Amino acid sequence: MVKLIFLGGLFPNESRREIESKSTGVIQYAADALQWAIVTGLDNYYSQNFKLVNLPYIGSFPKRYSDLKTKTFKFSHIKGANDINVGFINLPIYKLYSRFYQAKKTLKKVIDNDNTIIIIYAIHTPFIKAAIDIKKNNPSVKICLIVPDLPEFMDDDKSFIRKYLKNIEKGLLNKYLKEIDSFVVLSDYMHLPLQINNRPWVRVEGIFEQKTDNIVLEKEPFKTILYTGTLAKRYGILNLLEAFSLIKNNDYRLWICGDGDAKEELELMAKEDSRIKYFGQLSREEVIKLQKKATVLVNPRISEGEFTKYSFPSKTMEYLASGTPCVLYRLQGIPEEYFDYCYMSEEETPLGLYKTIIFVCEKEQSELNEFGEKAKRFILENKNPEIQCKKIYNMLSKFELNENTK
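Residues numbered from 1 in each chain as written. Predicted model: local features only at pLDDT ≥ 70, side-chain atom pairs only at ≥ 80, totals over all residues. Heavy atoms only, no water.

Draft legend 1. The arrangement of the side chain of aspartate 67 in detail. Position of aspartate 67 relative to the elements: it lies in the loop between strand E2 (50–54) and strand E3 (73–75). A polar contact is formed between the side chain of aspartate 67 and the side chain of lysine 22, at a distance of 2.6 Å. Aside from chain neighbours lying at most four places away, what touches aspartate 67 is Glu18, Lys22, Phe61 and Asn90. (Helix = DSSP H or I, 4+ residues; strand = E, 2+ residues; numbered from the N terminus. Polar contact = N/O pair within 3.5 Å; in protein donor to acceptor, adjacent residues only side chain to side chain. Contact = heavy atoms within 4.5 Å.)

See below:
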């Protein structure tokens, strides 16, 4: 019987509130949601032969997290599961070694079956190195890497020290990635820079897990535009602010949630325009409620920059599942099937975005409701954990079969 170990960095329910209260700046809500959705999906196929080894993806002490050390404790993601949250020293730079050492030590303890697959979430050098070291002593152990983002496009910090460390990490990763047995990628284009070649891989662009009740909330009396997610300038948030400034109608509102490097510009504009409301960083549950109350949801990310080819914006799936129509640009990393359920802004400028927002918001609410419901059904029926993780299960099953016949 195959044993599956998920080596990741999600937030256990037992420590979620503590992580939120001790974090400063961006909290990895999108990564947490995707990891939990993957775990839920894989439970359908591996059941009790599935264990989580977890070291949460949190900021470093003292600037982005208030604790120097994190806790080790046992938890159960489902009844009967024997999962472990692994503590580590949370100092900048040193945390990488601590996470590697603690992950490796824990994997040694929990792997009692040669027929084991380690699934790693994200290109995180400490996790990959720990799994590779385990594999050296247990050659029948296989490693599957889930790649939500490519490291070269994940960090906007251009400091000399950061660049130096990134170059060292890149050299190590080029070596380590050759030891990976199979891959799960979020974009079809990723297989090229990862040099997957003939190794098994599958594209799972995202997963939507419906955790809240299907509550119905009344729409706002104003035409309300909502953006939720990271306030990164490279994600086009300033384009959205400029597009909204072109709207002179006082019946319009702009709501924004999140944190990031565009926060200062947003707060300044919100002071000058009372129609703009900045909520700060909210929990996923609070965000979902706002999405249901809004008139339209906007993802202003443009196709400028090579990183858009290698990423699938997680908010796309969440937006569609809300039942509220969404507006976005035609990004290469988004599979073509999604565009039947979105309003597209073909002109990648603030003026183009403004025109599309006005076009959508001036429609009858009944028409918007019908359009949004079709998008919601598309996500719930085709992109749920069981359906999406079956792709991973099928890949790993074939991979196991090939290994057993050698």
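Draft legend 2. How the structure looks around the sheet that holds strand E4 (residues 83–85). An order of E3-E4-E2-E1-E5-E6-E7-E8 is seen for the eight strands of this open sheet, with the pairing classed as mixed. Because the sheet does not close on itself, it has two edges, and the strands there are E3 and strand E8 (201–203). Put simply, the sheet's adjacent strands are angled 20° from each other on average, direction ignored. Judged from the five bridges that link them, strand E1 (residues 3–8) and strand E5 (residues 116–121) form a sheet pairing that is parallel. Bridge pairing in E5 links leucine 7 to isoleucine 120. Sitting on the sheet, helix H2 (residues 29–46) touches E1, E2, E3, E5 and strand E6 (142–147), and the angle it makes with E1 is about 175°. Lying over the sheet, helix H4 (residues 125–137) contacts E1, E5 and E6, oriented at roughly 170° with respect to E5. (Pairing = 2+ DSSP bridges. Axes fitted to C-alpha atoms, helices over the stretch in contact; angles between N-to-C directions.)

Draft legend 3. A look at the nonpolar core. Ranked by size, the top nonpolar core spans 130 residues in total, and within it Phe6, Ile128, Leu194 and Ile225 carry the most contacts. The greatest single-element share of this core, amounting to nine residues, is contributed by H2. Setting aside anything within four residues of it in sequence, one finds isoleucine 225 in contact with Leu240, Phe244, Ile247, Tyr252, Arg253, Leu254, Trp255, Val296, Val298, Ile357 and Cys361. (Core = buried A, V, L, I, M, F, W, Y, C linked by side-chain atoms within 4.5 Å. Buried < 20%, exposed > 50% of the residue type's maximum accessible area, 1.4 Å probe, protein only.)

Draft legend 4. Highlighting the packing of aromatic side chains. As enumerated under the stated definition, the model contains 15 aromatic pairs in all. Seen from their ring centres, tyrosine 341 and phenylalanine 378 are 4.4 Å apart, and the 10° between their planes marks the pair as stacked. Of this pair, tyrosine 341 sits in the loop between strand E13 (326–328) and strand E14 (343–344) while phenylalanine 378 is found in helix H11 (residues 365–382), placing the two residues 37 residues apart along the sequence. The exposure class assigned to tyrosine 341 is partly exposed, which follows from its relative accessible area of 24%. An angle of 25° between the planes, with centres 4.3 Å apart, marks the rings of tyrosine 343 and phenylalanine 371 as stacked. With tyrosine 343 in strand E14 and phenylalanine 371 in helix H11, this residue pair connects regions lying 28 residues apart in the sequence. Across this residue pair, the class does not change: tyrosine 343 and phenylalanine 371 are buried. Among the aromatic residues, those joined into a cluster by ring pairs are Tyr94, Tyr97, Phe100 and Tyr101. Geometry around phenylalanine 88 places arginine 99 over its ring, the cationic atom sitting 4.7 Å from the centre. (Phe/Tyr/Trp six-rings, centres within 6.5 Å; stacked < 30°, edge-to-face > 60°. Lys NZ or Arg CZ within 6 Å of the ring centre and 35° of its normal.)

Draft legend 5. Main features of the sheet that holds E14. Ordered in space as E11-E10-E9-E12-E13-E14, the six strands form an open sheet in which the pairing is parallel. At either margin of the open sheet sits one strand with a lone partner, and together these are strand E11 (276–280) and E14. Relative to the sheet, helix H8 (residues 284–293) contacts strand E9 (223–228), strand E10 (252–257), E11 and strand E12 (296–299), its axis offset from that of E9 by approximately 150°.

Draft legend 6. Highlighting the pairing of strand E7 (residues 182–185). Every second residue of E7 is oriented toward a common face, with Ser182 and Val184 on one face and Phe183 and Val185 on the other, all of them buried. Summarising the sheet, E6 and E7 pair through four bridges and their orientation is parallel. Within the sheet, the bridge partner assigned to cysteine 144 lies in E7 and is serine 182. Summarising the sheet, E7 and E8 pair through three bridges and their orientation is parallel. For valine 185, the partnering residue across the bridge sits in E8 and is arginine 203.

Draft legend 7. Structural view of the pattern of salt bridges. Under the criterion given, the structure shown has 20 salt bridges. Among the salt bridges present, the one from aspartate 133 reaches lysine 129, with a minimum N-O distance of 3.0 Å. Of the two residues, aspartate 133 and lysine 129 both sit in helix H4, four residues apart, roughly one turn of that helix. Residue aspartate 133 is classed as buried on the basis of its relative accessible area of 10%. Given the relative accessible area of 22%, lysine 129 is considered partly exposed. With a shortest N-O distance of 3.0 Å, aspartate 181 and lysine 135 are connected by a salt bridge. With aspartate 181 in the loop between helix H5 (160–176) and E7 and lysine 135 in helix H4, this residue pair connects regions lying 46 residues apart in the sequence. (Salt bridge = Lys/Arg side-chain N within 4 Å of Asp/Glu carboxyl O.)

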